[in-house]
Amino acid sequence: MDYIIFDLARILRRSGIGVSTQEIADSIQALKLLNTNRLDKYAFYHVLNATMLKTEWGAAYLQQLVELFLEPDPEIVADHTGVLLLQGSAARETGCGEAGLGKTGGGASVSLLTEAVLKKDVDLIYAIVKRHNLSLNLLCENQDEALISFKLESGWFQVSDRIEEEYKQGQLCTADYHCAQESLELWQSFLLAEFERLQVKNMSRDYLSQVMKKQNPTCCNFLDADDAYLSIMSREVAKLARRLAVRKGRRRKVASQGRININRSLKLAMQTGGIPFKLVKMARKPSKPDICLLCDMSNSVRRFSYFMLLFVYTLQKKYSNICSFLFVDQLLEVTEYFKEQDVSNALEKIGGLKGFNRTGFSHYGNVIRQFTDHNLSVLNKNTTVLILGDAKNNWNTVDGSEVLHKIRENAAALYWLNPLQLNLWNRDDCIMEKYRPSCTGVYQCSNIEQLERFVAEIL
């Protein structure tokens, strides 16, 4: 057991999750105290999560890791959501077959699978997919090819065709048809999970680490994250912000408690003939700079701006004043909009605002010029300006790079956070290199891990 825990910890570290030596020791100690022979399998994942990951999504993440690292547990395979029993599903499978309706490659009747899809029976779909014992060619690395093969083998195409035919003939209502499409997408996601599991089985642990890194919410790309991860990522961003909000600043002030300042203490002692009757102590004080946000809300980066706005406004205790602007091709100040309501409500309704999107295409040149012409007065030497966007100017001749330096000169610092991969920064219509010289710093910020790194370096 100790060896498995050490191995899992190595994979977690390669997946972007920091696991300390002490946390590994705590995990091993906890499992020894709880007697793993009697420990419920689900409780096992919760114990590992409580001692190593310590997140709300950690137990499910560890379950997936163990299923990929080892062979899937038969009990968990048959009980995907904690309610389906293997013998129950077997009984249902044998009882629902119909003569003349054909069977899929794994022996399950098309009728049974169609019924499961129409009823969105997640447990039955999952159990049947697992019991097909899908196989993968050792040399197969193409996900699309493997998915087509798995769909054929598991009966996905047969069921899909049957549902389409029944819908065309009027035997299915629109609501049932849409429910069936959702079930088919879920079925496909189970097949993709099987592909990853078999790839891990065929390949190295480095590949397993890559697979798990994609599933790690702190490493998921803001722009490409699956909808299922959005709520988890939002909570992680808010958690990071709350943690930073209570962190002390770097500056120090005289206080009754804290470190002794030798220079000030000796200076004060000069007044009493060199005898230090009183020691001067210094403590870190909260720094509250101003912050000004310019957020690109075009479709290509809207999700990234959403996370950044959530982060900054959850962190607002850290700042004395937050000034916000949204833009696509025009600039719109929304400072009061965020002051009037809770940040979550504000972000939900932000799509209804008007005045920042006339054409639907980003125009950084127009926006930067608008800001330098009309809004420099909101800046002072305590203000940190953050521009959030991909620097895609859509081949407009005016790019604003010639006046961007004015923003930096009127503020304490100007940082540009770009969610695009570094190799895309100077391709096509992205002109990040034109803006770089006028910025205090430019950073790639495509996930929570990079956001935390930026904050640790700047704040």
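Located above this text is the structure these notes cover.
Residues numbered from 1 in each chain as written. Predicted model: local features only at pLDDT ≥ 70, side-chain atom pairs only at ≥ 80, totals over all residues. Heavy atoms only, no water.

Overview of unusual backbone geometry
You will see that N394, though not glycine, has its phi angle at about 55°, which is positive. Position of N394 among the secondary structure elements: in the loop between β6 (383–388) and α19 (404–410). Overall, the relative accessible area of 27% leaves N394 in the partly exposed class. Positive phi outside glycine occurs at D428, with the angle close to 50°. With respect to the element layout, D428 can be found in the loop between β7 (413–418) and α20 (432–435). (Helix = DSSP H or I, 4+ residues; strand = E, 2+ residues; numbered from the N terminus. Buried < 20%, exposed > 50% of the residue type's maximum accessible area, 1.4 Å probe, protein only.)

Focus on the pattern of salt bridges
Pairing between side chains becomes possible if they bear opposite charge and their charged atoms approach one another. All told, the structure shown has 12 salt bridges when counted by the stated rule. In this structure, the salt-bridge partner of R436 is E433, at a minimum N-O distance of 3.1 Å. (Salt bridge = Lys/Arg side-chain N within 4 Å of Asp/Glu carboxyl O.)

A look at the pairing of β6
Here is the key point about a regular strand: its side chains alternate between the two faces of the sheet. Of all 6 residues in β6, 6 are buried; the element is thus mostly enclosed. Here β6 shows two buried faces, one formed by T383, V385 and I387 and the other by T384, L386 and L388. Alignment of strand β3 (residues 290–296) against β6, held across 6 bridges, turns out to be parallel. Its bridge partner lying in β6, D290 is registered against T383. (Pairing = 2+ DSSP bridges.)

Brief notes about a nonpolar patch on the surface
Where nonpolar side chains cluster on the molecular surface, the patch consists of I260, I262, L266 and L279 and spans about 380 Å² of accessible area. Considering the arrangement of structural elements, one finds I260 in strand β1 (residues 252–260). According to the relative accessible area criterion, I260 is partly exposed, its value standing at 43%. (Patch = residues over 30% accessible without salt bridge, like charges linked within 9 Å, V, L, I, M, F, W, Y side chains within 5 Å. Areas by Shrake-Rupley, 256 points an atom, 1.4 Å probe, with all protein chains shown as cover.)

A look at the nonpolar core
In terms of nonpolar packing, the biggest core is built from 56 residues, with L12 and W187 touching the most fellow members. Of the residues forming this core, the biggest block, 8 residues, is contributed by helix α11 (residues 174–202). When residues no more than four places from it in sequence are discounted, the contact partners of L12 are I17, V19, M52, L53, Y61, L62 and L65. Within the second largest apolar cluster, 45 residues are counted, among which are F222, M233, L244 and L309. (Core = buried A, V, L, I, M, F, W, Y, C linked by side-chain atoms within 4.5 Å. Contact = heavy atoms within 4.5 Å.)

Focus on the pairing of β7
Within β7, 6 of the 6 residues are buried, which leaves it mostly tucked inside the rest of the structure. Burial of β7 is two-sided: the residues A413, Y415 and L417 facing one way and the residues L414, W416 and N418 facing the other way are all buried. In terms of strand pairing, β6 meets β7 through 5 bridges, oriented parallel. Directly across from T384, in β7, lies its bridge partner A413. In this region the chain leaves β6, passes through α19 and returns to the parallel neighbour β7; the handedness of that crossover is right-handed. (Right-handed = clockwise from strand over helix to strand, strands pointing away.)

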